[in-house]
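Residue-level listing of the chains:
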Amino acid sequence: MTSALILAGGFGTRLRPLTCTRPKPLFPLGNRPLSEILVQRLSEVVDRVVFAINYQAEKIMQYFGSGEKYGIEIKYAKEKRPLGTGGPIKHAQNLLDDSPFLVLNGDVISLIDFKDMLNFHKQRGDALGTIALYPVEDPSRYGAVELDDAYRILRFVEKPPPGEEPSNLINAGAYVLDPEVFDYIPENEPFSIERGVFPIFADQMKLYGYKYNDVWLDMGKPADYIQANKYVLDHFLKKTDSSINKGAFISSSAKIEEPVHINASIAIGKNVEIARETHIGPYVCIGDDVSIGQGCRIENSIIFPDVRIESFSSINNCIIGEAATLGRWVKIEGLTIIGDYCTIKDNVTLTSGVMICPWKTVSDSIITPQTVM
Ligand code: GTP
């Protein structure tokens, strides 16, 4: 058996205003959450996926259910408290098999060839760990590595200060680990795999790097989340998926500029209303039970379920959290995030990365980057 562990328990600090109603792994991307896209991709490689969960664990368990999905077994390792990026691996030991297994950050979208990566790891012979490595311009926010010609990682430096990066290759959040790793992780304690295990494996010359250089998006950041949505709308929606579900009532004078996904599943009584002369798209994902008034313009944005947008408002490059209400002539742009259940009053403009925490009412415009608590 081959298994994979998905780390799906983080709080997601930078997208926190959106986590009132759902954990980050269930954030919508096109017509389904990222974690489901991951499970589907893994189904070609593994027999079992284990979700390492804590924050709003029940919602993830409810979504994936017990049993199988895409022909593979789904299991859960629920932590009583967050155990970081390493603790969950030990916690899931009984659910993982005794051959090398995959560990994936649950908030990264990539096209890493997991099968090839597993083979790469096995072919090394002495490898205890293999980390997928991705080149970035500024590695200081990530874990960066120094690699030799035999793909051995000589040093692993977590969040190196600018100027002290060993290379521009960063940890892409996908690993193959040998079961020996369990001996290095304490039980039931918060523990970082990056700080507590990788440097030891590197010292033993048993940590390898698997270079990868295609799509890589870390959904933990608003810009990447919007980019990931765009990517999924372009590439991951199957041809057979209808991009506009039957429960959408769209005025004949509204304009839908594809790619757009409108999630109004009439089968479970959900609908979406889009009034006249409103322009939606490109790259918009709209959740169940959203209503949008007349003359609105929405592009390159993610609208969570139950949102109400009144007439003549515009949204560009933003994320609107569940059950938020936007008044008339509201303008929201520049990677602004509106938290779940917020109210934005008529005529308000919000630009430049403003972050509005859940349940807030905003009556005045804000045009400089800030968080409204
Ligand atoms: P950001 O600061 O927004 O990136 O928050 P984060 O919580 O996602 O942190 P980080 O990027 O370090 O997490 C890497 C991966 O590990 C992500 O997929 C997280 O969901 C996951 N993760 C982080 N902390 C925990 C934890 O305590 N338990 C579990 N099961 N997963 C975790």
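Refer to the structure presented above.
Computed from a prediction, not measured in an experiment: that's the story for all the values here.

K.L.:
Which parts of the structure should I look at to understand the overall build of the protein chain?
P.N.:
Across its full length, the protein chain holds seven helices and 34 strands. Taken against the 2.2 N^0.38 rule, which gives 21 Å for 373 residues, the C-alpha radius of gyration of the protein chain at 22 Å falls within 12% of a compact globule. The dimensions of the protein chain, computed from C-alpha atoms along their principal axes, are 65 × 45 × 35 Å. A buried classification covers 56% of the 373 residues belonging to the protein chain. Contacts in the protein chain between residues at least 24 apart in sequence constitute 51% of all its contacts with a sequence separation of at least 6. Looking at the protein chain as shown, the accessible area adds up to about 15,600 Å², and 46% of this sits on carbon and sulfur atoms.

K.L.:
I'm lost on helix H7 (residues 222–235) in this one. Help?
P.N.:
Since the α-helix packs 3.6 residues into each turn, any two residues three or four apart lie on the same face. In a regular helix each residue adds 1.5 Å, so 14 residues correspond to 20 Å; H7 covers 20 Å between its end C-alpha atoms and thus fits that length. Buried residues of H7: Pro222, Asp224, Tyr225, Ile226, Ala228, Asn229, Tyr231, Val232 and Leu233, and no others.

K.L.:
Please explain the site of the ligand as it appears in this structure.
P.N.:
The ligand sits among 21 residues. The nearest are Thr13, Arg14, Glu79, Gly84 and Gly106. Measuring from an oxygen atom of the ligand, one finds a backbone N or O atom of leucine 7 at 3.0 Å. One of the side-chain nitrogen or oxygen atoms of glutamate 79 is found 2.6 Å away from a nitrogen atom of the ligand. The protein chains hide 80% of the 610 Å² of surface that the ligand would expose on its own. Applying the majority rule of atoms within 2 Å of the grid points places the ligand in the largest pocket. The class makeup of the residues in the shell around the ligand is eight nonpolar, nine polar and four charged.

K.L.:
What's the story with the sheet that holds strand S33 (residues 361–362) in this structure? I'm lost.
P.N.:
In any sheet, the strands associate via hydrogen bonds between backbone groups, in a parallel or an antiparallel arrangement. Strand order in this open sheet of seven strands is S15-S18-S21-S24-S27-S30-S33, and the pairing throughout is parallel. In this open sheet, the two edge strands, each paired with only one partner strand, are strand S15 (248–250) and S33. As paired elements, strand S30 (residues 343–344) and S33 share two bridges and run parallel to each other. Bridging from a neighbouring strand, isoleucine 344 pairs with valine 362 of S33.

K.L.:
Quick question: what am I supposed to make of the side chain of threonine 2 here?
P.N.:
Positionally, threonine 2 belongs in the segment before strand S1 (3–7). When near neighbours in sequence (up to four residues on either side) are disregarded, threonine 2 contacts Val45, Val46, Asp47, Arg48, Asp97, Pro100 and Leu118.

K.L.:
How should the packing of aromatic side chains be read in this particular structure?
P.N.:
The geometry of an aromatic ring pair is captured by the separation of the ring centres together with the interplanar angle, meaning the angle of the planes. What the rule picks out here adds up to 16 aromatic pairs. With 4.9 Å between their ring centres and 70° between their planes, tyrosine 175 and phenylalanine 198 make a pair best called edge-to-face. Taken together, the positions of tyrosine 175 in strand S12 (residues 169–177) and phenylalanine 198 in helix H6 (residues 198–203) put the pair 23 residues apart, joining distant regions of the chain. Between phenylalanine 312 and tryptophan 329, the ring centres sit 4.7 Å apart and the planes meet at 20°, which makes this aromatic pair stacked. Of this pair, phenylalanine 312 sits in the loop between strand S24 (308–309) and strand S25 (314–316) while tryptophan 329 sits in the loop between strand S27 (325–326) and strand S28 (331–333), and the two are 17 residues apart along the sequence. Of the residues examined, phenylalanine 312 reaches a relative accessible area of 27% and is grouped as partly exposed. Over the ring of tyrosine 55 we find arginine 16, and its NZ or CZ is 5.9 Å from the ring centre. The lysine or arginine in question, lysine 230, covers the ring of tyrosine 283, its NZ or CZ lying 5.0 Å from the ring centre.

Cut-offs and rules
Residues numbered from 1 in each chain as written. Predicted model: local features only at pLDDT ≥ 70, side-chain atom pairs only at ≥ 80, totals over all residues. Heavy atoms only, no water. Helix = DSSP H or I, 4+ residues; strand = E, 2+ residues; numbered from the N terminus. Rg over C-alpha atoms; globule rule 2.2 N^0.38 Å. Buried < 20%, exposed > 50% of the residue type's maximum accessible area, 1.4 Å probe, protein only. Contact = heavy atoms within 4.5 Å. Areas by Shrake-Rupley, 256 points an atom, 1.4 Å probe, with all protein chains shown as cover. Expected span 1.5 Å × (residues − 1). Near = heavy atom within 4 Å. Polar contact = N/O pair within 3.5 Å; in protein donor to acceptor, adjacent residues only side chain to side chain. 1 Å grid on protein atoms, 1.4 Å probe; cavity = no way out; pocket = protein on both sides within 12 Å on 5 of 7 lines; lining within 4 Å. Sits in = over half its atoms within 2 Å of the grid points. Nonpolar A, V, L, I, M, F, W, Y, C, P; charged D, E, K, R; others polar. Pairing = 2+ DSSP bridges. Phe/Tyr/Trp six-rings, centres within 6.5 Å; stacked < 30°, edge-to-face > 60°. Lys NZ or Arg CZ within 6 Å of the ring centre and 35° of its normal.

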